[in-house]
Amino acid sequence: EAQVTQNPRYLITVTGKKLTVTCSQNMNHEYMSWYRQDPGLGLRQIYYSMNVEVTDKGDVPEGYKVSRKEKRNFPLILESPSPNQTSLYFCASSSGVNTEAFFGQGTRLTVV
Amino acid sequence: AQKITQTQPGMFVQEKEAVTLDCTYDTSDQSYGLFWYKQPSSGEMIFLIYQGSYDEQNATEGRYSLNFQKARKSANLVISASQLGDSAMYFCAMREGFSGGYQKVTFGIGTKLQVIP
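These numbers come from a predicted model, not from an experiment. Every chain is numbered independently, its residues counted from 1 as its sequence is written. Chains carry letters and ligands carry numbers; both start at the beginning, A for chains and 1 for ligands, and go up in the order they are written. Under the rules for a predicted model, residues below a pLDDT of 70 receive no local features and side-chain atom pairs below 80 are neither given nor counted, while totals for whole chains, interfaces and linings still include all residues. Processing note: side-chain calculations cover all non-hydrogen atoms of the structure and skip hydrogens and water entirely.

### Focus: the overall build of chain A
Item 1. Scanning chain A from N- to C-terminus turns up zero helices and 11 strands.
Item 2. In DSSP terms, a helix is any run of H or I states spanning at least four residues, a strand is any run of E spanning at least two, and both are numbered starting from the N terminus. Its helices and strands in sequence order give chain A the pattern β-β-β-β-β-β-β-β-β-β-β, from N to C terminus.
Item 3. Over its C-alpha trace chain A gives a radius of gyration of 13 Å, about what one expects of a compact globule, namely 13 Å for 112 residues.
Item 4. If you line up chain A on its principal axes, its C-alpha atoms span 35 × 30 × 25 Å.
Item 5. In chain A, which comprises 112 residues, the share counted as buried stands at 50%.
Item 6. Contacts: residue pairs with any heavy atoms within 4.5 Å of one another. Long-range pairs, those at least 24 residues apart, make up 53% of the contacts in chain A with a sequence separation of at least 6.
Item 7. For the area figures, the Shrake-Rupley method with a 1.4 Å probe applies, and any residue is considered shielded solely by the protein chains shown. Looking at chain A as shown, the accessible area adds up to about 5,300 Å², and 49% of this sits on carbon and sulfur atoms.
Item 8. Note that His is not counted, nor are the chain ends; the positive residues are Lys and Arg, and the negative ones are Asp and Glu. We put the charge of a Lys on NZ, of an Arg on CZ, of an Asp on CG and of a Glu on CD. Here chain A contributes 12 positively and 10 negatively charged side chains, and the mean placements of these two sets differ by 7 Å. Radius of gyration: over C-alpha atoms. The globule rule applied is 2.2 Å multiplied by the number of residues raised to the 0.38 power. With a 1.4 Å probe rolled over the protein chains alone, any residue whose accessible area is under 20% of its type maximum counts as buried; one over 50% counts as exposed, and the rest are partly exposed.

### So, the interface of chain A and chain B
Item 1. With 24 residues of chain A at the interface, the matching set in chain B holds 20 residues.
Item 2. Put simply, buried area is the surface a 1.4 Å probe can reach on two separate parts but cannot reach once they are joined, added for both. Between chain A and chain B lies a buried interface of about 1,800 Å² when both sides are counted; carbon and sulfur atoms form 55% of it.
Item 3. Counted as salt bridges are all cases of a side-chain nitrogen of Lys or Arg within 4 Å of a carboxyl oxygen of Asp or Glu. The interface formed by chain A and chain B contains one salt bridge.
Item 4. Within 3.5 Å is the distance limit for a polar contact, defined as a pair of N or O atoms, with the added protein rule that one can donate a hydrogen and the other accept it, and that residues adjacent in sequence qualify only through two side-chain atoms. Applying the counting rule to chain A against chain B returns three residue pairs in polar contact (both at pLDDT 80 or more).
Item 5. For the side of chain A that touches chain B, the secondary structure elements donating two or more residues are strand 4 (31–38), strand 5 (42–51) and strand 9 (87–94) of chain A.
Item 6. In terms of residue count, the dominant contributor to the side of chain A that touches chain B is strand 5 of chain A (five residues).
Item 7. The class makeup of the residues in the side of chain A that touches chain B is 11 nonpolar, 10 polar and three charged. Any residue outside Ala, Val, Leu, Ile, Met, Phe, Trp, Tyr, Cys, Pro, Asp, Glu, Lys and Arg is labelled polar, Gly included; the first ten of those are nonpolar and the last four are charged.

### What to know about the sheet that holds strand 8 (residues 76–78) of chain A
All names here are of chain A.
Item 1. Pairing between strands is defined by DSSP: at least two bridges between the two strands are required. An order of 1-3-8-7 is seen for the four strands of this open sheet, with the pairing classed as antiparallel. The open sheet has two edge strands with one neighbour each: strand 1 (4–7) and strand 7 (65–66).
Item 2. For strand 1 and strand 3 (residues 19–25), the ladder comprises four bridges, and the chain directions are antiparallel. Looking at strand 3, one finds that N7 is bridged to T22.

### Let's talk about the environment of A:E79
All names here are of chain A.
Item 1. Along the chain, the position of E79 falls in the loop between strand 8 and strand 9.
Item 2. Relative accessible area serves as the criterion here: at 36%, E79 is assigned to the partly exposed category.
Item 3. Filtering out sequence-adjacent residues up to four positions away, E79 remains in contact with G16, K17, K18, G63 and K65.
Item 4. Here K65 takes part through its side chain, which lies 2.9 Å from a polar atom of the side chain of E79.

### Focus: the nonpolar core
Item 1. Side-chain atoms within 4.5 Å link the members of a nonpolar core, which is a set of buried Ala, Val, Leu, Ile, Met, Phe, Trp, Tyr and Cys residues. Judged by nonpolar contacts, the single largest core of 25 residues is most densely connected at B:Y25, B:W36, B:I49, B:L77, B:Y90 and B:L113.
Item 2. Residue assignment for this core shows that the elements contributing at least two residues are strand 2 (10–14), strand 3 (19–21), strand 5 (33–39), strand 6 (46–52), strand 8 (64–69), strand 9 (74–79), strand 10 (88–96) and strand 12 (111–116) of chain B.
Item 3. Broken down by element, the residue count for this core peaks at four residues, all from strand 10 of chain B.
Item 4. Setting aside residues no more than four positions away along its own chain, B:I49 makes contact with B:L34, B:F35, B:W36, B:A59, B:T60, B:E61, B:Y64, B:S65, B:L66 and B:L77.
Item 5. Ranked by size, the runner-up nonpolar core spans 19 residues in total, among them A:C23, A:I46, A:V66 and A:F74.

Set out below in C-alpha coordinates:
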(Lines give C-alpha, C1' and ligand atoms only; values in the text may rest on other atoms or scores of the structure.)
Protein backbone atom coordinates (compact mmCIF):
# COMPACT_ATOMS: atom_id res chain seq x y z
CA GLU A 1 0.00 0.00 0.00
CA ALA A 2 1.32 3.42 -1.01
CA GLN A 3 1.86 5.47 2.09
CA VAL A 4 3.80 8.06 4.03
CA THR A 5 4.62 6.92 7.54
CA GLN A 6 5.46 9.26 10.37
CA ASN A 7 6.64 8.30 13.82
CA PRO A 8 5.78 8.91 16.52
CA ARG A 9 2.12 9.91 16.21
CA TYR A 10 2.13 11.63 19.59
CA LEU A 11 5.05 13.00 21.58
CA ILE A 12 5.32 15.03 24.75
CA THR A 13 8.79 16.28 25.53
CA VAL A 14 10.57 18.88 27.62
CA THR A 15 12.19 22.08 26.50
CA GLY A 16 15.69 21.58 25.15
CA LYS A 17 15.62 17.81 24.72
CA LYS A 18 16.61 16.94 21.16
CA LEU A 19 14.09 14.90 19.20
CA THR A 20 13.60 13.44 15.75
CA VAL A 21 10.36 12.79 13.94
CA THR A 22 10.82 10.22 11.23
CA CYS A 23 9.10 10.20 7.85
CA SER A 24 9.30 7.42 5.29
CA GLN A 25 7.55 6.96 1.96
CA ASN A 26 7.34 3.81 -0.17
CA MET A 27 6.37 5.42 -3.49
CA ASN A 28 9.86 6.36 -4.75
CA HIS A 29 8.83 10.02 -4.70
CA GLU A 30 11.47 12.67 -5.30
CA TYR A 31 9.76 15.51 -3.48
CA MET A 32 9.21 15.53 0.28
CA SER A 33 8.13 18.28 2.65
CA TRP A 34 7.48 18.99 6.30
CA TYR A 35 4.63 21.21 7.49
CA ARG A 36 3.35 22.38 10.79
CA GLN A 37 -0.34 23.07 11.37
CA ASP A 38 -1.49 25.56 13.96
CA PRO A 39 -5.05 26.78 14.63
CA GLY A 40 -5.95 29.76 12.49
CA LEU A 41 -2.72 29.54 10.49
CA GLY A 42 -3.32 26.59 8.21
CA LEU A 43 -0.30 24.52 7.21
CA ARG A 44 3.08 26.18 6.88
CA GLN A 45 5.99 24.62 5.07
CA ILE A 46 9.07 24.09 7.24
CA TYR A 47 11.52 22.44 4.84
CA TYR A 48 11.30 20.63 1.57
CA SER A 49 13.54 18.35 -0.45
CA MET A 50 13.70 18.00 -4.21
CA ASN A 51 15.84 14.85 -4.09
CA VAL A 52 18.54 13.07 -2.12
CA GLU A 53 20.92 15.60 -0.52
CA VAL A 54 18.84 18.53 -1.87
CA THR A 55 16.89 20.42 0.77
CA ASP A 56 15.71 23.98 1.16
CA LYS A 57 13.92 26.17 3.64
CA GLY A 58 10.21 26.74 3.59
CA ASP A 59 8.42 29.58 5.32
CA VAL A 60 9.13 28.64 8.96
CA PRO A 61 12.49 26.81 9.15
CA GLU A 62 13.81 28.36 12.38
CA GLY A 63 14.47 25.77 15.07
CA TYR A 64 14.30 22.79 12.69
CA LYS A 65 16.75 20.71 10.70
CA VAL A 66 16.21 18.06 8.07
CA SER A 67 18.30 15.59 6.14
CA ARG A 68 17.70 13.54 3.00
CA LYS A 69 20.33 10.84 2.85
CA GLU A 70 18.02 8.32 1.21
CA LYS A 71 15.15 8.91 -1.15
CA ARG A 72 12.56 7.28 1.08
CA ASN A 73 13.39 9.03 4.37
CA PHE A 74 13.13 12.66 5.40
CA PRO A 75 13.50 13.08 9.18
CA LEU A 76 12.67 16.31 10.99
CA ILE A 77 15.07 17.22 13.79
CA LEU A 78 14.43 19.62 16.63
CA GLU A 79 17.80 20.23 18.25
CA SER A 80 16.45 22.22 21.19
CA PRO A 81 12.66 22.18 21.21
CA SER A 82 10.77 25.10 22.71
CA PRO A 83 7.10 25.43 23.70
CA ASN A 84 6.34 27.49 20.57
CA GLN A 85 7.12 24.38 18.54
CA THR A 86 4.10 22.64 20.04
CA SER A 87 2.10 21.83 16.94
CA LEU A 88 0.73 19.19 14.60
CA TYR A 89 3.38 18.16 12.09
CA PHE A 90 2.82 16.60 8.69
CA CYS A 91 5.25 15.00 6.30
CA ALA A 92 4.25 14.80 2.63
CA SER A 93 5.69 13.39 -0.57
CA SER A 94 4.92 13.77 -4.26
CA SER A 95 6.27 12.43 -7.52
CA GLY A 96 6.30 15.71 -9.40
CA VAL A 97 5.63 19.40 -9.21
CA ASN A 98 2.14 19.07 -10.67
CA THR A 99 1.04 16.04 -8.72
CA GLU A 100 -0.78 15.65 -5.48
CA ALA A 101 1.04 15.34 -2.22
CA PHE A 102 0.54 12.25 -0.10
CA PHE A 103 0.49 13.14 3.56
CA GLY A 104 1.48 11.17 6.60
CA GLN A 105 -0.96 10.76 9.47
CA GLY A 106 0.57 13.61 11.43
CA THR A 107 2.62 13.89 14.62
CA ARG A 108 1.17 15.84 17.50
CA LEU A 109 4.09 17.32 19.42
CA THR A 110 3.80 19.01 22.80
CA VAL A 111 6.84 20.74 24.29
CA VAL A 112 6.52 21.60 27.98
CA ALA B 1 0.72 40.01 1.04
CA GLN B 2 -0.95 36.69 1.68
CA LYS B 3 -0.11 34.18 -1.01
CA ILE B 4 -3.30 32.20 -0.48
CA THR B 5 -6.44 33.82 0.87
CA GLN B 6 -9.47 31.91 2.04
CA THR B 7 -11.97 34.46 3.28
CA GLN B 8 -14.66 32.11 4.59
CA PRO B 9 -13.73 30.75 8.01
CA GLY B 10 -16.93 28.70 8.13
CA MET B 11 -19.70 27.70 5.74
CA PHE B 12 -22.97 25.82 6.07
CA VAL B 13 -24.65 23.99 3.24
CA GLN B 14 -27.79 21.91 3.04
CA GLU B 15 -27.31 18.28 2.12
CA LYS B 16 -27.60 17.71 -1.65
CA GLU B 17 -26.98 21.36 -2.42
CA ALA B 18 -23.89 22.74 -4.15
CA VAL B 19 -21.37 24.92 -2.34
CA THR B 20 -18.46 27.11 -3.46
CA LEU B 21 -15.40 27.61 -1.30
CA ASP B 22 -13.38 30.68 -2.22
CA CYS B 23 -9.64 30.87 -2.78
CA THR B 24 -7.56 33.68 -4.20
CA TYR B 25 -3.82 33.52 -4.71
CA ASP B 26 -0.89 35.78 -5.37
CA THR B 27 2.21 34.83 -7.32
CA SER B 28 4.57 36.30 -9.87
CA ASP B 29 5.45 32.88 -11.26
CA GLN B 30 4.07 31.96 -14.66
CA SER B 31 4.11 28.27 -13.86
CA TYR B 32 2.37 27.16 -10.68
CA GLY B 33 -0.15 24.67 -9.43
CA LEU B 34 -3.23 24.99 -7.27
CA PHE B 35 -4.55 22.26 -5.01
CA TRP B 36 -7.45 21.63 -2.71
CA TYR B 37 -7.21 19.30 0.27
CA LYS B 38 -9.83 18.09 2.72
CA GLN B 39 -9.11 17.52 6.39
CA PRO B 40 -11.87 15.67 8.25
CA SER B 41 -12.07 15.76 12.03
CA SER B 42 -9.91 12.62 12.14
CA GLY B 43 -7.01 14.81 10.99
CA GLU B 44 -5.69 13.23 7.79
CA MET B 45 -5.09 15.36 4.69
CA ILE B 46 -6.94 14.15 1.61
CA PHE B 47 -6.14 15.42 -1.89
CA LEU B 48 -9.21 16.55 -3.83
CA ILE B 49 -8.24 18.32 -7.04
CA TYR B 50 -5.38 19.98 -8.93
CA GLN B 51 -5.23 22.84 -11.47
CA GLY B 52 -2.10 23.80 -13.35
CA SER B 53 -1.56 27.41 -14.34
CA TYR B 54 -1.39 26.46 -18.01
CA ASP B 55 -4.45 24.23 -17.95
CA GLU B 56 -7.11 25.86 -20.06
CA GLN B 57 -9.97 23.75 -18.82
CA ASN B 58 -11.25 23.77 -15.27
CA ALA B 59 -10.29 20.63 -13.37
CA THR B 60 -13.00 18.21 -12.30
CA GLU B 61 -12.87 15.14 -10.07
CA GLY B 62 -16.22 13.53 -9.47
CA ARG B 63 -18.34 15.93 -7.40
CA TYR B 64 -15.44 18.39 -7.13
CA SER B 65 -14.65 21.05 -9.68
CA LEU B 66 -12.23 23.93 -9.60
CA ASN B 67 -13.43 27.25 -10.97
CA PHE B 68 -10.13 28.66 -12.21
CA GLN B 69 -10.09 32.34 -13.19
CA LYS B 70 -6.48 33.13 -13.94
CA ALA B 71 -6.88 36.84 -14.56
CA ARG B 72 -8.63 37.26 -11.23
CA LYS B 73 -6.19 34.85 -9.53
CA SER B 74 -8.98 32.82 -8.07
CA ALA B 75 -9.33 29.04 -7.74
CA ASN B 76 -12.65 28.34 -6.09
CA LEU B 77 -13.68 24.80 -5.19
CA VAL B 78 -17.21 23.78 -6.10
CA ILE B 79 -18.71 20.75 -4.39
CA SER B 80 -21.90 19.53 -6.02
CA ALA B 81 -24.59 17.50 -4.27
CA SER B 82 -23.12 17.90 -0.78
CA GLN B 83 -23.06 14.88 1.50
CA LEU B 84 -22.80 14.67 5.27
CA GLY B 85 -19.33 13.20 4.85
CA ASP B 86 -18.21 16.43 3.19
CA SER B 87 -18.22 18.15 6.59
CA ALA B 88 -14.55 18.97 7.09
CA MET B 89 -11.88 21.63 6.87
CA TYR B 90 -10.89 22.53 3.31
CA PHE B 91 -7.51 23.98 2.39
CA CYS B 92 -6.46 25.71 -0.79
CA ALA B 93 -2.74 25.46 -1.59
CA MET B 94 -0.32 26.72 -4.23
CA ARG B 95 2.94 25.23 -5.40
CA GLU B 96 5.42 27.64 -6.98
CA GLY B 97 8.91 27.54 -8.34
CA PHE B 98 8.61 24.92 -11.04
CA SER B 99 10.82 26.73 -13.51
CA GLY B 100 13.28 27.76 -10.85
CA GLY B 101 13.82 24.19 -9.75
CA TYR B 102 12.42 24.64 -6.28
CA GLN B 103 9.11 23.85 -4.76
CA LYS B 104 7.57 26.24 -2.28
CA VAL B 105 4.09 25.35 -1.13
CA THR B 106 1.72 27.75 0.59
CA PHE B 107 -1.56 26.82 2.22
CA GLY B 108 -4.52 29.01 3.08
CA ILE B 109 -5.92 29.06 6.59
CA GLY B 110 -8.83 26.88 5.59
CA THR B 111 -12.62 26.94 5.45
CA LYS B 112 -14.67 24.77 7.78
CA LEU B 113 -17.64 23.33 5.92
CA GLN B 114 -20.61 21.87 7.73
CA VAL B 115 -23.26 19.97 5.82
CA ILE B 116 -26.71 20.15 7.38
CA PRO B 117 -29.11 17.21 6.98
